[in-house]
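# Topology and contacts: notes
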Amino acid sequence: MKKILQDYTKEELGEMIKPSFRAKQIYDWTYHKYASTFEEMKNLPKAMRTDLDSEFTLRPLKTIQVQDSMDGSRKYLFELHDGHTVEAVLLLMREAQYHEDGTLKHHRRYTVCISSQVGCKVGCAFCLTAKGGFMRNLTAGEIVSQLLMIKADNDIDANRRVNIVYMGMGEPLDNLDNVAKAIKIFADPEGMAISPNRQTVSTSGLSSKIERLGKMGLGINLAISLHAVDDELRQQLMPINKAYNIESIITAVKNFPVNDRKRVMFEYLVIKDVNDDISAAKKLLKLLNGIKAKVNLIYFNPYGGTEFKRPEEKDMLRFQEYLTQRGLLCTIRESKGLDISAACGQLREQERSKNENIQG
Ligand code: SAH
Ligand code: SF4
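From a predicted model like this one, the values you see are computed outputs, not experimental measurements. (Residues numbered from 1 in each chain as written. Chains lettered and ligands numbered in written order. Predicted model: local features only at pLDDT ≥ 70, side-chain atom pairs only at ≥ 80, totals over all residues. Heavy atoms only, no water.)

### Concerning the domain arrangement of the protein chain
Segmentation of the protein chain into domains returns domain 1 (3-57) and domain 2 (62-359). With centres defined by C-alpha atoms, the gap from domain 1 to domain 2 works out at 32 Å. Each partner contributes to the interface: domain 1 provides 13 residues, whereas domain 2 provides 18 residues. Approximately 1400 Å² of surface area, both sides summed, lies buried where domain 1 meets domain 2, with 58% of it carried by carbon and sulfur atoms. Interface area lost by domain 1 to domain 2 is led by Gln6, Tyr31 and Tyr34, which between them contribute 42%. Residue Glu190 pairs with Lys24 through a salt bridge whose shortest N-O separation is 3.3 Å. In this assembly, domain 1 and domain 2 are joined by nine residue pairs in polar contact (both at pLDDT 80 or more). Among the elements of the structure, α1 (10-16) and α2 (21-31) are those that each provide at least two residues to the side of domain 1 that touches domain 2. (Domains from an automatic or database assignment. Contact = heavy atoms within 4.5 Å. Buried area = accessible area lost by both parts, 1.4 Å probe. Salt bridge = Lys/Arg side-chain N within 4 Å of Asp/Glu carboxyl O. Polar contact = N/O pair within 3.5 Å; in protein donor to acceptor, adjacent residues only side chain to side chain. Helix = DSSP H or I, 4+ residues; strand = E, 2+ residues; numbered from the N terminus.)

### Some points on the packing of aromatic side chains
In the structure shown here, the tally under the stated rule is six aromatic pairs. Three or more aromatic residues link up through ring pairs in this structure, and these residues are Phe300, Tyr303 and Phe308. Between the NZ or CZ atom of Lys121 and the centre of the ring of Phe134, over which it lies, the distance is 4.7 Å. For the cation-ring pair, Arg310 lies above Tyr299, with the distance from its terminal atom to the ring centre recorded as 3.9 Å. (Phe/Tyr/Trp six-rings, centres within 6.5 Å; stacked < 30°, edge-to-face > 60°. Lys NZ or Arg CZ within 6 Å of the ring centre and 35° of its normal.)

### Here we look at the pairing of strand β11 (residues 162-166)
The buried fraction of β11 amounts to four of the five residues, a majority that puts the element mostly inside the structure. Relative to β11, strand β8 (residues 109-113) runs parallel, the two being bridged by four bridges. Paired with Val112 across the bridge in β11 is Ile164. Sheet topology note: the β11/strand β12 (residues 199-203) ladder contains three bridges and is parallel. (Buried < 20%, exposed > 50% of the residue type's maximum accessible area, 1.4 Å probe, protein only. Pairing = 2+ DSSP bridges.)

### A look at the sheet that holds β11
The mixed open sheet is built from 10 strands, whose spatial order is β3-β4-β5-β8-β11-β12-β13-β14-β15-β16. A single partner strand is all that each edge strand has here, and the edge strands are β3 (62-68) and β16 (329-332). Across the sheet, the mean angle separating the axes of adjacent strands is 20° when strand polarity is ignored. Across seven bridges, the pairing between strand β14 (residues 264-270) and strand β15 (residues 293-299) is parallel. Across the sheet, Tyr268 pairs through a bridge with Leu297, a residue of β15. Relative to strand β4 (residues 74-79), helix α5 (residues 140-153) is tilted by about 125°, and along the sheet it contacts β3, β4, β5 (85-94), β8 and β11. (Axes fitted to C-alpha atoms, helices over the stretch in contact; angles between N-to-C directions.)

What follows is the structure, encoded as structure tokens:
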């Protein structure tokens, strides 16, 4: 099997390919010009292009489905070399803005949500990714390639700023080594140049790994999928809470190095009649006291076969208002791409059940 070119840092490629300045050129073709074959890399000697082609692939992912949402978001289903599939989503955060004279004021602003594993071991009760079980970790190159494919497919200029959130399928901290490597490859100034402060790792709360990530000193942003404020309920929703309870997460967050201008994001998936009451908001406020935090409320996005329900808008607003009036920054996540089944895992699951129906 061919190696995945995106699995390697520029320094590693420089060790493998001599003379080492070739690594820089290959990085340029790969991450700036979106070359999909070595043949395109015209400033490399012909023999080298042939050798590279027999050793490496530049396209470890195959796009098998693209779904457009009304709000401009676009969801991708990618197939890996072993037939497994993962999702990634291009989120249009803001349309381009123009001055009165028609000149450009702001470019479009994008965030890309990418996957770190095929499936997930954590097994949260509300999450569709969990239903398919865990298959395997993604390699750094498979993580990096999701964004690369999306940028190439949408003609997003190499130097256009894009934010990355590790909020697709999988638990990034359960695949920390490969995720950390992807973070560094994304950040290479001669590659995509996406600084770690534009990248956010979202975790279900593996406290010991949060500590490890912090010690790595990457400068990455942290998001915690909290979803509940007492251990009993959290354990029901997220079995991982037995191993890492709320207190351990809060301690890990307090030790995490946060960029001066940033906050730790606490994601709170709101489920009707489960965690949408004001007493939960009260406890949340207390829990986050002393932490540079912001809260992101997420509407539970229902899917076939789930017992959970989407919360009422008035309850979301009441929850938010309770927190903001007491000085805690709290946003409600716009249901980006809701019509294309926003929460990751849902497109893949549709595809799987379609296939099962065909086979059955
Ligand atoms: N495993 C990591 C990152 C991937 S999950 C984590 O849990 O943080 C990314 C987000 O998708 C989580 O915040 C999760 O709560 C959310 N999510 C899962 N199922 C959802 C659903 N049905 N509706 C809305 N959000 C969902
Ligand atoms: Fe895994 Fe995150 Fe889904 Fe929980 S919410 S099962 S941690 S992907």
